[in-house]
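# Inside the fold
Below are the chains, spelled out letter by letter.
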Amino acid sequence: MAKDNVDLICDISELAGLFEKSHSLSDFLQSAVSIVAYHMRSAVCSIYLYDEHTSLLTLAATQGLSPDAVGKVTLGLGEGIVGTAMKELRPICEGHGTESPNYKKIEGIHEENYEAFLAVPILLRGVMRVGVLVTQDPQPDYFHQNDVKALRAIASQLAVVIENAKLLMSLHEAEAKLSSPEPEPQSETPAFLKGVTASSGIVKGTAVVLDGHGYDVLTAPADDDAEEYSLDDFTLALQESIHQLTELQNKMEERLGDVASLIFNAHLLILKDDGFSGEMTRLIEQGTPADRAVTSVVNDYINLFSKSSNPRLQEKVLDVKDLGHRLLRNLQQHGEDQGDYAGQILVAKELLPSDVLKFAAQNVEGIVIVQGGITSHISILASSLRVPMVFVEYASVLDLDDGTLILIDANQGTLFLNPSPSVLSQYDTLMNREEAERKAVSPETFTRDGTKITLLSNVNLLSDIEAANENQAEGIGLYRSEFPFIVRDEFPSEEAQKLIYSKIFARMPEREVTLRTLDVGGDKKLPYHQHLDEANPFLGLRAIRFSLQNLPIFKQQLRAMLRSGADRPLRIMFPFISSVDDFESARDVVEECIKELNAENIPHNPNPEIGLMVELPAAVEIIDELSASADFLSIGTNDLIQYLLAVDRTNESVSNMYVCHHPAVLRAVYRIVNSAINNDVDVSVCGDMALNEEMLKFLVGIGIRKISIDPNQIPRIQSFLANLHTEEARRHARKLLRFGTLREVDAFLLETEQQLTTPQL
Ligand code: PEP
Ligand code: MG
């Protein structure tokens, strides 16, 4: 019977489901080896697991070798073919295993009966040792290059499931220890958690666990010296806190004037309030030690605010708690630090956009959201502020002790608790490599055969322009104008908007800038606007629909854009266009604004280019008409995927169905690009699909020559493109467009991805 590698890869991609059905890790591994042996038609399949503490590999499951050997056979790094594959992080395929210089005879398992030997390391992120997957067969030269590829694909799937399984086991062990009557010393087991990326980046720091809006109380930090703080100490700590917050406020105005004006105002107001600091003073005068007075008043406020029916007051709970932390730190450390979060990773249940700003301003290294929802503006804010953020489901992360070392790999959406020295050093290597890529970035991007690809930056906050310039973006392909609206307490005026847009132009001189009009609705709600109570906000009054129904707001924005682009080429783009009619109505409003500004003699750009985002299935159906009407098109794949596949992009429970390589998405994007090319209209991609290397290869293959991406990703994307040949990309795209099922696309991508990501050692 022939081997069926494709089926094998597809079955294995459902391993996660298989794990849920298994009773234990060994059960799961046993099922995995049976599946692999069956599809490979091999006599033996085994899995060895690697223990980084002992540097030993142990046989954990086998089909074909003696079951008694499980748990007993161990190999060191470099020992035998299996140990060598693990040591050298490379697959080893031997036609005659017993003749290999690496072969080592292990007594009692009768391995010598199986001449053909294929050992593939199971690696997390291509570098971290998890174990080795082995197949063996009595027929010499039984395994070929295709088998190596298939096994590599399987090994990378296994790596994630095995690490998750180990984590779950360590969590169960921790729970069992907690409930056991005999208190045991705390486990130092390194744990690995898989979560979801909200803002990319790699960072490490010590945990500081907040309860988000869980309304826990503030506890006075344990103080070994049990020092009693006096009224003088408190007065000094209060002054220091006011000084620090005023400084922070000034710094934020300078750095993030578009969204962050007065974000620490509430902090300062509360701090100076007589009911707050005044009450603390009175308690201290009556004999309460200062730290207790602080916690007692802070907790009264937390209680009060959390019970309020006013959501705006409830939101202040975190401000009050944050203030309490600052006062206590200043009390104990007498201003030795700046009361900020440098070196710390914040763990919280839920954060508001303004919270993200505040913690970023206070130099937090990274953020972990536990079980709460991540709205798109939270994650966009975090990435603009360059704060790595992941979302995890494990509630027990909230029980971590403050000070626990955490490493966030938000590029992969993973979290390491108490990472081992070897994990830390592997990440150091990775970070150094990324740093080198950043330094090597150049102002223009070409493929290997010299085709120019324009790399533009997506900008959400003014602070992104710093990153765009550092990474040599050739312009701004998407400015998401809603952020100044979301973070404020009221609609920003025409003048306030003009100021922000002018800053964008000033910071991006002589380069292309595309300003997108307001995209609110969906999950981006304005806190001060009475949005309709919609059962399906993503299908409701969103983006251009909101603007067309709120003409005064729309016109204010368009006037601000036209005025700020007075002496520059200006590109205005409408989001969420579903018909030529909507596009023309919106363009008419621009014409109206130009007439008004003319009549008022106000300097403005009289001739902006007007484009639209293709992000709805309806737009794909009428793409020829849209291409003929618009000055430019930008493909918003984030929404296009959501609406084509009917998968809410913010809903975790269906996130596995949100796939950019679905045949429907590939064909739709191809249709758009084809139509744009035929109509000779400028087309770019501004959604995150362009960040996925396989998809980028596809996009280049169908003719995309301009993309707009997170500016921090430019170095990686540039170096990927430099190694890509457009002919290879064309072949890749042609193949992908032929597949009608996800299963075929998955299998094809798994194979090519392996070639891309497995380090060539
Ligand atoms: C998109 O939908 O792809 C896009 C870039 O817009 P946003 O993510 O702001 O909806
Ligand atoms: Mg969109």
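The text that follows walks through the structure, step by step, so that each part is easy to find. All values reported here derive from a predicted model rather than from experimental measurement.

A general feature of soluble globular proteins is that nonpolar side chains tend to end up buried together. In this structure, F574 and L633 are the most contacted members of the largest nonpolar core, which totals 97 residues. It is helix α20 (residues 580–599) that provides the largest number of residues to this core, a total of eight residues. Those residues in contact with F574 that sit more than four places away from it in its chain are T517, I544, F554, L558, F583, A586, R587, V590, I610, G611, L612 and M613. Membership of the second largest hydrophobic core comes to 56 residues, among which are L210, M280, I380 and L381.

Further remarks concern the site of ligand 1. Inspection of the region around ligand 1 gives 15 residues, with R480, R516, G636, N638 and R649 positioned closest. Within the side chain of R480, one N or O atom sits 2.7 Å away from an oxygen atom of ligand 1. Within the contact set of ligand 1, an oxygen atom lies 3.0 Å away from a side-chain nitrogen or oxygen of E615. Taking 280 Å² as the accessible area of ligand 1 by itself, protein coverage stands at 100%. A majority-of-atoms criterion places ligand 1 in the largest cavity.

In this fold, S457 is placed in strand β16 (residues 452–459). Looking at S457, the relative accessible area reads 0%, which means it is buried. When near neighbours in sequence (up to four residues on either side) are disregarded, S457 contacts A468, A473, G475, I476, G477, L478, S708, I709 and P711.

Within the structure shown, the criterion is met by four cavities of 30 Å³ or more. What the largest cavity holds in volume is close to 100 Å³. Lining the largest cavity are 16 residues, and of these R480, R516, N638, D639 and R649 lie nearest its centre. Mapped by element, the contributors of at least two residues to the lining of the largest cavity are β17 (475–480) and α23 (637–645). The element that contributes the greatest number of residues to the lining of the largest cavity is α23, accounting for three residues.

It is worth spelling out the coordination of the magnesium ion (ligand 2) at this point. Those donors, E615 (OE) and D639 (OD), are the protein atoms that reach the magnesium ion (ligand 2), and they lie 2.0 to 2.2 Å from it. Note that E615 is positioned in the loop between β20 (609–614) and α21 (617–621) and D639 in helix α23, a separation of 24 residues in sequence. The same class applies to E615 and to D639, which are both buried.

Moving on, we come to helix α9 (residues 290–307). In this model, α9 (18 residues) spans 26 Å end to end at C-alpha, consistent with the 26 Å of a helix rising 1.5 Å per residue. When we look at burial in α9, the residues that qualify are A290, D291, A293, V294, T295, V297, V298, N299, Y301, I302, F305 and S306.

Moving on: the sheet that holds strand β6 (residues 128–137). Pairing between sheet strands relies on hydrogen bonds along the backbone, with the strands arranged either parallel or antiparallel. Ordered by their spatial adjacency, six strands build an open sheet running β3-β2-β1-β6-β5-β4, and the pairing between neighbours is antiparallel. The two strands at the open ends of the sheet, each matched to only one other strand, are β3 (74–76) and β4 (92–94). On average, each strand axis in the sheet is tilted by 25° relative to the strand beside it, whichever way the strands run. Each of β1 (44–51), β2 (56–63) and β6 is contacted by helix α3 (residues 25–40), which is oriented at about 65° to β2, the strand it contacts most. Against the sheet, helix α4 (residues 80–88) engages β1, β2, β3, β4, β5 (116–124) and β6, with an angle of about 35° to β5.

Moving on, we get to the packing of aromatic side chains. Tallying each qualifying case throughout the model produces ten aromatic pairs. Here the aromatic rings of F276 and Y301 are separated by 5.0 Å at their centres, their planes lie at 85°, and the arrangement is edge-to-face. A residue pair is termed long-range when its members are at least 10 positions apart, and F276 in helix α8 (residues 274–285) and Y301 in helix α9 qualify at 25 residues. Residue classification places Y301 among the buried residues on the basis of a relative accessible area of 13%. Here the aromatic rings of F574 and F583 are separated by 6.0 Å at their centres, their planes lie at 65°, and the arrangement is edge-to-face. Residue F583 is classed as buried on the basis of its relative accessible area, which comes to 0%.

What follows concerns the side chain of T135. Structurally, T135 can be placed in strand β6. Apart from residues lying up to four places away in sequence, T135 is in contact with V36, M40, S42, V44, C45, A116, F117, L118, F143 and L151.

Basis of the calculations
Residues numbered from 1 in each chain as written. Chains lettered and ligands numbered in written order. Predicted model: local features only at pLDDT ≥ 70, side-chain atom pairs only at ≥ 80, totals over all residues. Heavy atoms only, no water. Core = buried A, V, L, I, M, F, W, Y, C linked by side-chain atoms within 4.5 Å. Buried < 20%, exposed > 50% of the residue type's maximum accessible area, 1.4 Å probe, protein only. Helix = DSSP H or I, 4+ residues; strand = E, 2+ residues; numbered from the N terminus. Contact = heavy atoms within 4.5 Å. Near = heavy atom within 4 Å. Polar contact = N/O pair within 3.5 Å; in protein donor to acceptor, adjacent residues only side chain to side chain. Areas by Shrake-Rupley, 256 points an atom, 1.4 Å probe, with all protein chains shown as cover. 1 Å grid on protein atoms, 1.4 Å probe; cavity = no way out; pocket = protein on both sides within 12 Å on 5 of 7 lines; lining within 4 Å. Sits in = over half its atoms within 2 Å of the grid points. Points joined across faces, edges and corners; volume = space filled by probe spheres on them. Donors = N, O, S within 2.8 Å, 3.2 Å for Na, K, Ca; no water. Expected span 1.5 Å × (residues − 1). Pairing = 2+ DSSP bridges. Axes fitted to C-alpha atoms, helices over the stretch in contact; angles between N-to-C directions. Phe/Tyr/Trp six-rings, centres within 6.5 Å; stacked < 30°, edge-to-face > 60°.

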